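Observations on chain architecture
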Amino acid sequence: MPAYLLDTNHVGLAVDRASLVGQQMLEARLAGIRLGTCLPVLCEIEAGMRQVRQKAKYRRDLNQLLLQLRLWPIDLKTTRLYGDIYMELRQAGRVLSQVDITPAR
C-alpha cells in the first residue's frame, strides 16, 4: 500500500477540507493510500497558525485533519536518509526548500 509523507504546504492547505489539496487527500485516503506527516511540519503549522485571524476555527479544522493523518516520528535513521536525499538533489541542482540552500556554518 503506498504512503506519502506530507510537507507543511500540503498539510496547511488541507486544513481547509474544501480546498483542492483537501479534496485530493480525501480521495487518496478513500483509495487506501496512507498519508502522514511529522513533528517538524506540525511545528511550522503551529507557527503559521499564530498569524491567522480565526485561530479557534483553524485549530478545530487542523485537529480534524490530524485524525486522518498518521504522525510519523523522525529518528536517526530518517535524518540520515534526509541527508542522503539532500545531497543527491543538491548535486543534481535541486533543493527541497528555501531553507536547504543556506550553506552549513
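Residues numbered from 1 in each chain as written. Predicted model: local features only at pLDDT ≥ 70, side-chain atom pairs only at ≥ 80, totals over all residues. Heavy atoms only, no water.

All chains considered together, the criterion is met by 1 aromatic pair. Seen in terms of ring centroids, Y82 and Y86 are 6.4 Å apart; in terms of plane orientation they differ by 20°. Their pairing is stacked. Of this pair, Y82 and Y86 both sit in helix α5 (residues 76-91), 4 residues apart, which is roughly one turn of that helix. (Phe/Tyr/Trp six-rings, centres within 6.5 Å; stacked < 30°, edge-to-face > 60°. Helix = DSSP H or I, 4+ residues; strand = E, 2+ residues; numbered from the N terminus.)

So, on to the sheet that holds strand β1 (residues 3-5). In space, the 3 strands of this open sheet follow the order β1-β2-β3, with parallel pairing throughout. Edge positions in the open sheet fall to β1 and β3 (70-71), since each of these has one partner strand only. Where β1 and strand β2 (residues 34-37) come together, 3 bridges link them in parallel fashion. Within β2, the residue paired with Y4 across the bridge is L35. (Pairing = 2+ DSSP bridges.)

As a further point, take the pairing of β2. Where β2 lies against β3, 2 bridges are found, and the strand directions are parallel. Of the residues in β3, the one forming a bridge with T37 is L71.

Attention now goes to the nonpolar core. Nonpolar side chains in soluble globular proteins tend to be buried together. Core analysis: the largest hydrophobic core is formed by 16 residues, its most contacted members being V11, M25, L65 and L69. Those elements that provide at least two residues to this core are α1 (8-14), α2 (20-30), α3 (39-49) and α4 (55-66). The contacts of V11, once residues within four sequence positions are left out, are L6, T37, V41, I45, L62, L65 and L69. (Core = buried A, V, L, I, M, F, W, Y, C linked by side-chain atoms within 4.5 Å. Buried < 20%, exposed > 50% of the residue type's maximum accessible area, 1.4 Å probe, protein only. Contact = heavy atoms within 4.5 Å.)

The next thing to look at is the confidence of the model for the protein. On average, residues of the protein carry a pLDDT of 87, and 90% of them reach 70 or more. Mean pLDDT in the protein bottoms out at α5, which sits at 86, and peaks at α4, which reaches 96. Considering only residues more than four positions removed or in separate chains, one finds that residues 100-105, a stretch of pLDDT under 50, has 4 contacts. (pLDDT = per-residue confidence, 0-100.)

Glancing now at the pattern of salt bridges. On inspection of all chains with the given rule, the structure shows 3 salt bridges. Of the charged contacts in the structure, one is a salt bridge between R50 and E46, with a shortest N-O distance of 2.8 Å. Where K57 meets D61, a salt bridge forms, and the shortest distance between an N and an O atom there is 2.6 Å. With a gap of 4 residues between them, K57 and D61 both fall in helix α4, about one helical turn apart. (Salt bridge = Lys/Arg side-chain N within 4 Å of Asp/Glu carboxyl O.)

Looking at where K55 falls in the secondary structure, it is placed in helix α4. K55 gets classed as partly exposed once you look at its relative accessible area, which sits at 38%. In this structure, the C-alpha to C-alpha distance between K55 and R70, residues 15 residues apart in sequence, is 23 Å.

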